[in-house]
Amino acid sequence: MNNELLNILNSTVANATPLVIAAIGETLNERAGVVNLSLDGSLALAAMTGFVVGVTTGSAGLGFLAAAIVGALVALLIVVADIQLKQDQIAVGFVLTLLLADIAQFLGQEYAGMPSNPLSPVRIPGVADIPIIGPIFFNHSVIVYFSYVLIIVTWLMMFHSRPGLAQRAVGERPATAFARGTRVNRQRLFYTVLGGLLIGIAGASYSLAIKPGWSNPPAMRGDGWIALAIVIFGGWHPFRVALGAYLFALLRALSSAIQRSPDIQIPLVLLNMLPWLLMIGTLILVSSGVIDRLLRVMPRPAQRWSRNFLRSDPPAALGTRFDPD
Amino acid sequence: MRSHRLISATFIVLPVVVAVLFTSLLVMLVGNEPGEVFQTVWMGAFRNSNALAAVVNFWRPLVMVSMGLVITFTAGLWNIGVEGQMMMGAVFASWAARSLALPHPIQISAEIAAAALGGALWAGLAGVLKTRLGVNEIFGGVGLNALANLLAIYLISGPWQPPEGGSAHSTTPFPANSLLQPASTEFPVSMVALGLAFASIIGVTLALRGTRWGLQLKATGKSSASARLMGVPTTRSVISAMMVCGMLAGLAGSYRVLFTYESLRPLVSGGIGFLGLLVVLLAGIRALWTPFIAFAFAAIMAGSTRLRVSLQLDASLAGVLQGALVLLVLLSNGLRGRVVEWSDRRAAKQAASVSETASPGARHE
């Protein structure tokens, strides 16, 4: 494998990391039945907060902590507005999307363009020396390794633990879960705040690691929406969600590589359109029942495992309020 | 019941006060005087007839988009794609402005018709994606917004680039014959466009109140499944609501290119579509309140363009004030519900204890 390709793949993994973390965070709250639509704004505000705290204290760790708190507070606001104040999750989330991005831009104006020292890559001894895999996956900053662990832990928690069973029950059949003694709204509060915490960390991973710095308008605007679409593409399954994030990042990396190369002439605009066309295309694929039809023509033994992996029905109670009274 | 009215009044004033306080706090955080900032915005919007005209020139596209969104919200749709529909209206109007050369009134009519068509088609696409292919209109809309803007960038930097060379900034200004004409130099507003805005306000209000179509939209919005069982053609309702909204958004977008900028630019919609969603949420999807709230928002938007010039502050403060207002109104609506519930329960308890003491023997009869 030549060096340039390895570099592209390495930066793909890095660039995908905020998307992976944000989309896994959103998967956690959506599996419990709550939509946090505010991602595009939350990411911006968390990135700004993380950068400002990181630069002023000189500690990236504190920056990540502050960003995580911001993300968790936003999520708390959405879930309290839903459960206690009976306001539509989508409406509150959408208003927050715009509001938080504007707050970030307004408060961050003096920090735009300020230099910073981003997290430096850490080579993991042993695995970093494996050919191909090492240079692509194990020569990154700490936050990238955090995302690997996150994917696996989320999968274990969600599908192979008792709390995960309760979480999915709350998102699929809240009334049944309630009748069996699960405190539905308390579960939803917990997973939404947990998801928000991760969304905050994702925001800070832009400004402190992957795209270090802060700019007006924020560089990651639009990624929040992509992350939300990736959750759908990923069928609310941690592995597929992560795969979706890597695919999007790969597409972006390829388009910027093509842009730099002199021998390939494709209009730049067409390349910039690709991620959005892919987003709409994949949503059509997973929403229109094409996959179900595909599954039916497959040989029987292949059907079972592929159904588990390709299934893409949203949690049945997604976005609905549960009133125990 | 008097207490209910008092509670209602409190919960209308409260979010406004808190939103202003919150915005002031942010202003102080960046080291400025809130009083000075609010005065700058106010003066920016109302200092003379020219400033007022700038407010009207924001209001005109904003109110048209908002009236369109009243329709989609009534049908239960989150038309986030409204920004892209404005862009497509702008692109189609620009095409007509560049390539046609007709007598002025016919030219303008052709441009406006093209804008309406562009917006309606782009919205119809989102509607078809939703009804035929199951793509949620929020995500379909976000994707279509990005695509519409990239299309504009492609046209500006490619086929429509100015002859002096490719800049991604804007096309060459359109010929004077293609532009909407201002009423006067003291009050530079296009009366033709303003007339169209008033027509759309009246048209949407009447269509929702007194037509069969309006009723079908309401039924679809309340519960799509039961509306279908009642024989309402829900697919047609969804697509027609989207297309009418897209038409109005397209007209709004055309105003930005045929009057405000006199050329096509990237992001020519200027966030007005998203702002329209906030306006309609704040109005509680009521057609009658929408124009007034749109005016207040247009004043904040036009007034805050002065912030950078006179105080070196980012104009995103306008969005902070508007967003905080809408968020707090939503939250306070919820809080009011809780307080009314609580005061009713208390009143019921009191009534029960009063009746008990008034007729102590009642229980023994």
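How each quantity is defined
Residue numbers restart at each chain and count upward from 1, following the sequence in its written direction. Labels follow written order: the first chain is A, the first ligand is 1, and so on. Note on the predicted model: pLDDT of at least 70 is required for a residue's local features to be given, and 80 or more for side-chain atom pairs to be given and counted; whole-chain, interface and lining totals, by contrast, use all residues. Values reported for side chains reflect all heavy atoms of the structure, with hydrogen atoms and water molecules removed beforehand. By nonpolar core is meant a set of buried Ala, Val, Leu, Ile, Met, Phe, Trp, Tyr and Cys residues that side-chain atoms within 4.5 Å join together. Whether a residue is buried, partly exposed or exposed follows from its accessible area with a 1.4 Å probe, protein chains only, as a fraction of its type maximum: under 20%, in between, or over 50%, in that order. The helix and strand labels rest on DSSP assignments: H or I over at least four residues marks a helix, E over at least two residues marks a strand, and numbering proceeds from the N terminus. Between two residues, a contact is recorded if the distance between any of their heavy atoms is within 4.5 Å. Here the quantity called buried area is the total loss of accessible area, with a 1.4 Å probe, experienced by two parts when brought into contact, counted for both. Gly is placed with the polar residues, together with every amino acid not listed as nonpolar (Ala, Val, Leu, Ile, Met, Phe, Trp, Tyr, Cys and Pro) or charged (Asp, Glu, Lys and Arg). For patch detection, residues must exceed 30% relative accessible area and be free of salt bridges, and they are connected within 9 Å for like charges or within 5 Å for nonpolar side chains (Val, Leu, Ile, Met, Phe, Trp, Tyr). Shrake-Rupley sampling with a 1.4 Å probe provides the accessible areas, and residues are treated as covered by the protein chains on show and by no other component. The working definition used for a salt bridge is a side-chain nitrogen of Lys or Arg within 4 Å of a carboxyl oxygen of Asp or Glu. What pLDDT reports is the predictor's confidence in each residue, on a scale of 0 through 100. Only centres within 6.5 Å qualify two rings of Phe, Tyr or Trp (six-membered ring in Trp) as a pair; their planes then separate them into stacked at under 30 degrees, edge-to-face at over 60, and tilted for everything else. Only Lys NZ and Arg CZ are tested; either one counts as a charge over a ring when it is within 6 Å of the ring centre and within 35 degrees of the ring normal.

Colleague: Mind laying out the nonpolar core, listing which residues take part and the relevant values?
Modeller: If you look at the biggest cluster of nonpolar residues, it comprises 198 residues, and the most contacted ones within it are Phe94 of chain A together with Trp78, Leu264 and Phe297 of chain B. Ranked by residues supplied to this core, first place goes to helix H3 (residues 49–74) of chain B with 14 residues. Beyond its immediate sequence surroundings of up to four residues, Trp78 of chain B is in contact with Asp88, Ile90, Ala91 and Phe94 of chain A together with Phe73, Glu137, Ile138, Leu277 and Leu281 of chain B.

Colleague: Can you break down the interface of chain B and chain A residue by residue, with the values?
Modeller: Contact with chain B, which involves 44 residues of that partner, is made by 38 residues of chain A. Here chain B meets chain A over a buried area of about 3600 Å², counting both sides, of which 83% is carbon and sulfur. Taken together, the elements giving at least two residues each to the side of chain B that touches chain A come down to helix H1 (2–29), helix H5 (104–133), helix H6 (137–157), helix H11 (272–282) and helix H13 (317–358) of chain B. It is H13 of chain B that contributes the most residues to the side of chain B that touches chain A, 13 residues altogether. Residues belonging to the side of chain B that touches chain A are distributed by class as follows: 33 nonpolar, 9 polar and 2 charged.

Colleague: Which residues make up a nonpolar patch on the surface, and what are the values?
Modeller: Residue and element names in this part refer to chain A. On the surface, Leu62, Leu65, Ile69, Leu73, Leu76, Val80 and Leu189 cluster together into a nonpolar patch covering about 560 Å² of accessible area. Residue contributions to the nonpolar patch peak at 6 residues, all from helix H3 (residues 60–83). Counting through the fold element by element, Leu76 comes out in helix H3.

Colleague: Residues and numbers for the confidence of the model for chain B, please.
Modeller: Detailed reading of the predicted coordinates is not advisable wherever pLDDT falls low. All names here are of chain B. Considering every residue of chain B, the mean pLDDT works out to 88; 95% of them sit at 70 or more. Across residues 361–365, confidence stays below pLDDT 50; counting only partners more than four residues off in sequence or on other chains, it has 1 contact. The complex prediction reports pTM at 0.91, with the ipTM value standing at 0.89.

Colleague: Now, about the packing of aromatic side chains: what can you tell me, with residues and values included?
Modeller: With the rule as written, the count across this model stands at 13 aromatic pairs over all chains. Here Trp59 of chain B and Phe198 of chain B contribute two aromatic rings whose centre-to-centre distance is 5.6 Å and whose plane-to-plane angle is 50 degrees, an arrangement assigned as tilted. Placement of the pair is Trp59 of chain B in helix H3 and Phe198 of chain B in helix H7 (residues 191–210), with a sequence separation of 139 residues. Residue Trp59 of chain B is classed as buried on the basis of its relative accessible area of 7%. You can call Phe198 of chain B partly exposed: its relative accessible area is 44%. Through successive ring pairs, a cluster of aromatic residues spans Phe94 of chain A together with Phe73, Trp78 and Phe274 of chain B. Residue placement shows Arg286 of chain B over the ring face of Trp289 of chain B; its charged tip is 4.4 Å from the ring centre.

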